[in-house]
Amino acid sequence: MAGSMIILGKIPLHTPRPSIRCSFSSNPQRLECVSSPSIHLRRGIKKNKLPLKEALFRGQSLCCYRDKTVSCSSSDYLHPSSQESVEVKKGEGFQQWDSMTAKFAGAANLPFLLLQLPQIILNTRNLLSGNTSALLAVPWLGMLTGLLGNLCLASYFIKKKETEAVVVQSLGVISTYVVLLQLAMGGAMPLPHFVATSIVVASGMTLNFLKYFDWLHPEIWRFWEDFVTVAGLSVLPQVMWSTFIPYVPNTILPGTIAFITSLVAVFMGRMGKLSDKGVKILGSISGWTATVLFMWMAVAQMWTNLLTPDNIKGLSAVSMLLAVIGNGLMIPRALFVRDFMWFVGSAWGSVFYGWGNLTCLYCFKCISPGFYIASTVSFLAWIDVDSVLTFSRDSQAHGLSSPFASLKELVFGP
């Protein structure tokens, strides 16, 4: 008590502003102040409710009272460090780019909503006029692969909580199903295949809806994921093989082999017989299968254009143009979330399914040169500008040194 009274007596009531010097004690988490601060000391005492003599005896600076290794210099106390300012700016840029890419993905809903509308209108006219042969220009196998791809991708994006992408894929399922309904009505799609497709679509959309709102039991959702994996791996090789009939034998052998292989893999995964790497690969297969199914729709369409050029007039050029726009708007978001599968699928849909089919329509003189040239110039200009801006903004948002670093992270991971 006497010692504390002596120390208190040495502190004048009014002192000039001292310089604060800090030295480390034996405990690295504590700092000792050599000279007594004035206004900061009184504020620290009031804030931490610590008696003045107890604080002086402990040898602690009250601005460091929370036992954190911080600086006691006046400049650090009054102003944030430059590193913190950089982090704040980086955070703001990251959030802005996050919001902007989400808006781009949301804007893709409009072209995808209208994507199949011109084709649906054209098919309706052909059905009403009795020109059912024109419906053969739309390959039902290609549309089926696209529909199954959209359905599986909707489930994939539900797990990733990408609402905008879920809406886009759901719209793709609904609009493509309407086209398949028209093809079945015109005899361009076998009725048994359409009935089976209808059952799968109804079941898948219901389960996706329940999962999105967390109304689905996890075990049911896991069963659906297993079904998507087996069905996707079974359908993909069979559809790819059937696209080139009659140039290849008409057989179900590719689908059968793929079905047995995928079924064994899923059962091994359920029983815990796969390695960690195998489980990871199996979990990503359904997403990649869905993407390849979606991508194959463009191949099937262009192959049909080459086989039946007389019926290519049944293909809508406006739908192809909307495919270019809609898929292109999804690319920045895919890059931002580092989803290589999503990026590849969107880029493929924009270039091959959209612009590629426009090129086929132009080669077979189904669209005017002016329309094709204007579309091509706009497409190339938009791709160049969009690529530069997208990779540049993304690298800045993630604090990377160059746009190539964003591409490297997209392909190989961060």
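## Here's the deal with the overall build of the chain
Moving on, step 1. Of regular secondary structure, the chain possesses 17 helices and two strands.
Moving on, step 2. Counting the 414 residues in the chain, one finds 41% classified as buried.
Moving on, step 3. Taking the intrachain contacts of the chain between residues at least 6 apart in sequence as the baseline, contacts between residues at least 24 apart amount to 71%.
Moving on, step 4. Surface exposure of the chain reaches about 22700 Å², of which carbon and sulfur atoms provide 67%.

## A few points about the confidence of the model for the chain
Moving on, step 1. Scored by pLDDT, the chain comes out at a mean of 78, with 78% of its residues at no less than 70.
Moving on, step 2. Confidence, read as mean pLDDT per element, is least for helix α4 (residues 74–78) in the chain (38) and greatest for helix α10 (residues 191–212) (94).
Moving on, step 3. In the model, residues 1–89 has pLDDT below 50 throughout and makes 77 contacts with residues more than four positions away in sequence or in other chains.

## Things to note about the nonpolar core
Moving on, step 1. In terms of nonpolar packing, the biggest core is built from 68 residues, with Leu180, Leu183, Met330 and Leu361 touching the most fellow members.
Moving on, step 2. In this view, Leu180 contacts Trp140, Met143, Leu144, Leu147, Met189, Phe194 and Thr197; residues no more than four positions away in its chain are not counted.

## A few points about α10
Moving on, step 1. For α10, built from 22 residues, the straight-helix expectation of 32 Å at 1.5 Å per residue is met to within 8% by its first-to-last C-alpha distance of 31 Å.
Moving on, step 2. What α10 keeps buried is the set Phe194, Thr197, Ser198, Val201, Gly204, Leu207 and Asn208.
Moving on, step 3. Where α10 is buried, its residues contact α8 (140–159), α9 (163–185) and α11 (218–243).
Moving on, step 4. The first or second residue beyond α10 is Asp214, which carries a positive phi of 55°.

## Considering unusual backbone geometry
Moving on, step 1. Here Ile245 and Pro246 are connected by a cis peptide whose omega angle stands at 15°.
Moving on, step 2. Along the polypeptide, Pro246 turns up in the loop between α11 and α12 (253–270).
Moving on, step 3. A positive phi angle is found at Asp214, which is not glycine, with a value near 55°.
Moving on, step 4. You can see Asp214 is positioned in the loop between α10 and α11.
Moving on, step 5. A positive phi angle, close to 60°, is found at Arg338, a residue other than glycine.
Moving on, step 6. Along the chain, Arg338 falls in the loop between α14 (317–336) and α15 (340–363).

Calculation rules
Each chain has its residues counted from 1, following the order in which its sequence is written. The predicted nature of this model means local features are confined to residues of pLDDT at least 70 and side-chain atom pairs, given and counted, to a pLDDT of 80 or more, with totals for whole chains, interfaces and linings taken over all residues. The side-chain numbers reported here are obtained from all heavy atoms of the structure, hydrogens and water having been left aside. The helix and strand labels rest on DSSP assignments: H or I over at least four residues marks a helix, E over at least two residues marks a strand, and numbering proceeds from the N terminus. Throughout this description, buried means an accessible area under 20% of the type-specific maximum (1.4 Å probe, protein chains only), exposed means over 50%, and partly exposed covers the range between. In this description, contact between two residues means that some pair of their heavy atoms is separated by no more than 4.5 Å. Residue burial considers only the protein chains on display, and all accessible areas are found by Shrake-Rupley using a 1.4 Å probe. For every residue, the predictor assigns a confidence score, pLDDT, that lies between 0 and 100. The criterion is simple. A nonpolar core is a set of buried Ala, Val, Leu, Ile, Met, Phe, Trp, Tyr and Cys residues joined through side-chain atoms within 4.5 Å. To estimate the expected span of a helix, subtract one from its residue number and multiply by 1.5 Å.

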